[in-house]
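Residue-level listing of the chains:
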Amino acid sequence: MKPFFAVPIIVFATFTSTALSFSPALSKVSFCGGHRNYGTAAAIKTYSSSSSSSSRFAQTSSSISSTAGPFEYALIFDCDGVIIETEELHRLAYNAAFQAAKLEIDGNPVEWSVEYYDVLQNTVGGGKGKMFYHFRNTTGAFPTFVQDGKVMSAPQTLDEQQSLIDNLQAHKTELYKELIAEKATPRPGVIELMDEAMADPKIAVGVCSASTKQAVTKVLDVTLGQERRNRLNVCILGDDVSKLKPDPLIYVTAAERLNIDPSKCVVVEDSMVGLRAAKGAGMKCLITYTKSTEGEDFYGEGADAKVPDLASAGVTLEKIFGPMKESGPTADILA
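About the criteria used
- Residues numbered from 1 in each chain as written.
- Predicted model: local features only at pLDDT ≥ 70, side-chain atom pairs only at ≥ 80, totals over all residues.
- Heavy atoms only, no water.
- Disulfide = S-S within 2.5 Å.
- Core = buried A, V, L, I, M, F, W, Y, C linked by side-chain atoms within 4.5 Å.
- Buried < 20%, exposed > 50% of the residue type's maximum accessible area, 1.4 Å probe, protein only.
- Helix = DSSP H or I, 4+ residues; strand = E, 2+ residues; numbered from the N terminus.
- Contact = heavy atoms within 4.5 Å.
- Pairing = 2+ DSSP bridges.
- Axes fitted to C-alpha atoms, helices over the stretch in contact; angles between N-to-C directions.
- Salt bridge = Lys/Arg side-chain N within 4 Å of Asp/Glu carboxyl O.
- Right-handed = clockwise from strand over helix to strand, strands pointing away.
- Parallel < 35°, antiparallel > 145°, perpendicular 65-115°, else oblique.
- Nonpolar A, V, L, I, M, F, W, Y, C, P; charged D, E, K, R; others polar.

Participant: For the state of the cysteines, give the residues involved together with the corresponding values.
Facilitator: Evaluated as defined, the whole model comprises zero disulfides. With no disulfide of its own, C208 has C235 as its nearest cysteine by sulfur position, at a separation of 7.5 Å.

Laid out in structure tokens, this is it:
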């Protein structure tokens, strides 16, 4: 199936001190991390070749593994809804992509309401997963669409359905990046807490998001700045793992990458999907809820703490890790 839009893509590769790290649990390399310590050398494989560019890759990986030191704790942030309230921007971008492709089911245009998107974000992780869930579980049918000015019938085979979803997601990502550039601002207290953690050599800092690499990188560059993003010890995105939240794989992989016991990791999340992933990995989870998730029973699902945002609740590194340092990993955070 041909894509229903054509966007020229130019890729620029810039080689800096940013780390290229590898893990057996990852399906791809993550370029989101930076030059703070990454854990043990065993968690990082160095690939080299005779080409100059590959040699630079190898040197970067080798330098990280050789200077790696132990972390005692880890603070890991989700992206959407935690670093920035992006869910409404995601919804708008999806609806714009649906409209551009003229998606229809039984003559009715496909459109996600605020209320319905709230359900989706607390049920399914990742954009493609949300679309598959919608067409397979909610509507029970895939839509017709317009391609090259021609109305195409609803895809029937798995390959045709995957192609439609892939094209929709690609266009949605481009629309979303435009919205982010216009409207992105970090949630209160996020930058302050992240900087406090980055200043502590015993605490690893990371981002684990089910969103695509293109989307998250844009968000992090706009909200955190490239320098701060490059200082992340671990950054695992939806493209990097075979299973998305609520599956715990993304957080299990982060702990393995950092060589830290999961019980000494604290995850900042905003949704039920993220909470289940964090708790499934054996980590503590601090919820910073949003308007679309404030009604969820987070404590009933095992949340360790819940606040409207980090700033208004006065969340500091000491309030998170102080009790754990004094009484062990089982201690209550923000107590």
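After that view, the rundown keeps rolling.
Participant: If you had to explain the nonpolar core to someone new, which residues and values would you point to?
Facilitator: L75, F77, L220, L286 and F321 are the most contacted members of the largest nonpolar core, which has 44 residues in total. With six residues, the top contributor of residues to this core is helix α6 (residues 190-198). Excluding residues that lie within four positions of it along the chain, L286 makes contacts with V267, V268, E269, A305, K306, V307, L310, V315, I320, I333 and L334. In this structure, V241, I250, V267 and A303 belong to the second largest nonpolar core, which totals 28 residues.

Participant: Explain the environment of K183 to me, using residue names and the numbers behind them.
Facilitator: Within the element layout of this structure, K183 appears in helix α5 (residues 158-183). With 94 residues separating them in the primary sequence, K183 and L89 have C-alpha atoms 8.8 Å apart.

Participant: Explain the pairing of strand β1 (residues 73-77) to me, using residue names and the numbers behind them.
Facilitator: Of all five residues in β1, five are buried, a share of seventy percent or more. The alternating pattern of β1 places Y73, L75 and F77 and A74 and I76 on opposite faces, both of which are buried. In the sheet, β1 pairs with strand β6 (residues 203-208) via five bridges, with the strands oriented parallel. Along β6, the bridge assignment pairs L75 with V205. Here β1 pairs with strand β8 (residues 265-269) via four bridges, running parallel. Note that in β8 the partner of F77 across the bridge is V268.

Participant: Give a detailed account of the sheet that holds β8, specifying residues and quantitative values.
Facilitator: The strand order across the open sheet formed by six strands is β7-β6-β1-β8-β9-β10, and the pairing between neighbours is parallel. Sheet topology places β7 (234-236) and β10 (305-307) at the edges, where each strand pairs with a single neighbour. Averaged over all pairs of adjacent strands, the angle between strand axes in this sheet comes to 20 degrees, irrespective of strand direction.

Participant: Describe the side chain of S211, listing the residues and the values that go with them.
Facilitator: Relative to the elements of secondary structure, S211 occurs in the loop between β6 and α7 (213-223). In contact with S211, not counting residues within four places along its chain, are D80, H90, V216, L237, G238 and D239.

Participant: Describe the pattern of salt bridges, and please don't skip the residues or the numbers.
Facilitator: All chains considered together, the criterion is met by 12 salt bridges. Residues K245 and D78 are paired through a salt bridge, measuring 3.0 Å at the closest nitrogen-oxygen approach. Placement of the pair is K245 in the loop between β7 and α9 (249-258) and D78 in the loop between β1 and α2 (87-100), with a sequence separation of 167 residues. Look at K245 and you get buried, because its relative accessible area is 5%. For D78, a relative accessible area of 6% puts it in the buried group. K284 is the partner of D304 in a salt bridge, and the nearest nitrogen-oxygen pair spans 3.8 Å. One end of the pair, D304, is in the loop between β9 (284-288) and β10; the other, K284, is in strand β9, and 20 residues separate them in sequence. Where salt bridges share partners, they join D78, K245 and E269 into one cluster.

Participant: So, the environment of I320: which residues are in play, and what are the values?
Facilitator: Along the chain, I320 turns up in helix α11 (residues 317-327). A sequence separation of 245 residues divides I320 from L75, and the C-alpha atoms of the two residues are 9.2 Å apart. With residues up to four places along the chain from it excluded, the contact list for I320 reads L75, L193, V266, L286, V315, I333 and L334.

Participant: Go over the pairing of β9, please, and point to the residues and values.
Facilitator: Of all five residues making up β9, five are buried, and the element is well covered by its neighbours. Burial along β9 is two-sided: the residues K284, L286 and T288 and C285 and I287 are all buried. The sheet contact formed by β8 and β9 spans four bridges and is parallel. By the bridge assignment, E269 is partnered in β9 with I287. Between the parallel pair β8 and β9, the chain is carried across by helix α10 (residues 272-280), and the sense of this crossover is right-handed. In this structure, β9 lies alongside β10, joined through three bridges in parallel fashion. When the bridges of β10 are listed, L286 appears paired with A305.

Participant: Help me get a handle on the packing of α6 against α11, residues and values and all.
Facilitator: Two elements in contact, α6 and α11, have axes whose closest approach is 10 Å; the angle formed by their N-to-C orientations is 50 degrees. Taken together, the axes of α6 and α11 lie oblique to each other. When α6 is examined against α11, the residues L193, E196 and A197 are found in contact with a partner set consisting of L317, E318 and I320. Among the residues forming the contact of α6 with α11, the class breakdown is four nonpolar, no polar and two charged.

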